[in-house]
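Chain by chain, the residues:
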Amino acid sequence: LMRRFSEEHASPYYARHQRGYLLEAGFSPTQGFAQAAGGGSAQMGPFMFRNIIKPTLDAIRPWIVENGHATGEHVDELLEEFQAWSERPDAFFALLHCAAVGWAV
């Protein structure tokens, strides 16, 4: 669901082009960077569920249901499964954030 949403509303492959777009727009120099967040601990799984997974699914729930990808009940089931997963002792979550900045000189 997340991949389909990303492909319809944004590009999950956009990050690799950010510096090029800035250069094309006249910014120079440019710099790109990536930051990873996540981990695996008794605190990290539930934290990521509460602060990343649940809010994200809640935000795209209308799109999921309106486009027939799942029912509201199925989304609720997914959230219950995600929460159960987040509390497992082997849960591990990682999120990669990519960005670029450019300067106009």
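Everything below is about the structure printed above this text.
The structure displayed is predicted, hence computed values, not measured ones. (Residues numbered from 1 in each chain as written. Predicted model: local features only at pLDDT ≥ 70, side-chain atom pairs only at ≥ 80, totals over all residues. Heavy atoms only, no water.)

Participant: I keep staring at unusual backbone geometry and nothing clicks. Help me out?
Facilitator: Glycine aside, the phi torsion of most residues is negative, and most peptide linkages are trans. For the bond running from S28 to P29, omega is 0°, close enough to zero to count as cis. Among the secondary structure elements, P29 is positioned in the loop between α2 (18–24) and β1 (30–39). (Helix = DSSP H or I, 4+ residues; strand = E, 2+ residues; numbered from the N terminus.)

Participant: Sorry, what's going on with the packing of aromatic side chains here?
Facilitator: Here the distance between the centres and the angle between the planes together describe a pair of aromatic rings. Tallied over the entire structure, the rule returns 2 aromatic pairs. On the basis of an interplanar angle of 80° and a centroid distance of 5.0 Å, the ring pair of F5 and W63 is categorised as edge-to-face. Note that F5 is positioned in helix α1 (residues 2–9) and W63 in helix α3 (residues 44–66), a separation of 58 residues in sequence. Judged by its relative accessible area of 21%, F5 falls in the partly exposed class. Taking the relative accessible area as the measure of exposure, W63 reaches 9% and is therefore buried. (Phe/Tyr/Trp six-rings, centres within 6.5 Å; stacked < 30°, edge-to-face > 60°. Buried < 20%, exposed > 50% of the residue type's maximum accessible area, 1.4 Å probe, protein only.)

Participant: How should a negative patch on the surface be read in this particular structure?
Facilitator: Among the surface-exposed residues, E73, E77, E80 and E81 lie close enough to one another that they form a single negatively charged patch. Along the chain, E77 falls in helix α4 (residues 72–86). When its relative accessible area of 44% is taken as the criterion, E77 is described as partly exposed. (Patch = residues over 30% accessible without salt bridge, like charges linked within 9 Å, V, L, I, M, F, W, Y side chains within 5 Å. Areas by Shrake-Rupley, 256 points an atom, 1.4 Å probe, with all protein chains shown as cover. Salt bridge = Lys/Arg side-chain N within 4 Å of Asp/Glu carboxyl O. Lys, Arg positive; Asp, Glu negative; His and termini not counted. Charge placed at Lys NZ, Arg CZ, Asp CG, Glu CD.)

Participant: Can you help me understand the layout of surface pockets in this one?
Facilitator: In this approach, a probe sized like a water molecule rolls over the atoms, and the result shows the empty space that is left. Counted as a void, the largest pocket has a volume near 800 Å³. As for the largest pocket, its lining consists of 24 residues, of which M2, S6, T56, L95 and L96 are closest to the centre. At 6 residues, the largest contribution of residues to the lining of the largest pocket is made by strand β2 (residues 93–102). Residues that form the lining of the largest pocket fall into these classes: 18 nonpolar, 5 polar and 1 charged. (1 Å grid on protein atoms, 1.4 Å probe; cavity = no way out; pocket = protein on both sides within 12 Å on 5 of 7 lines; lining within 4 Å. Points joined across faces, edges and corners; volume = space filled by probe spheres on them. Nonpolar A, V, L, I, M, F, W, Y, C, P; charged D, E, K, R; others polar.)

These figures capture arrangement, not role.
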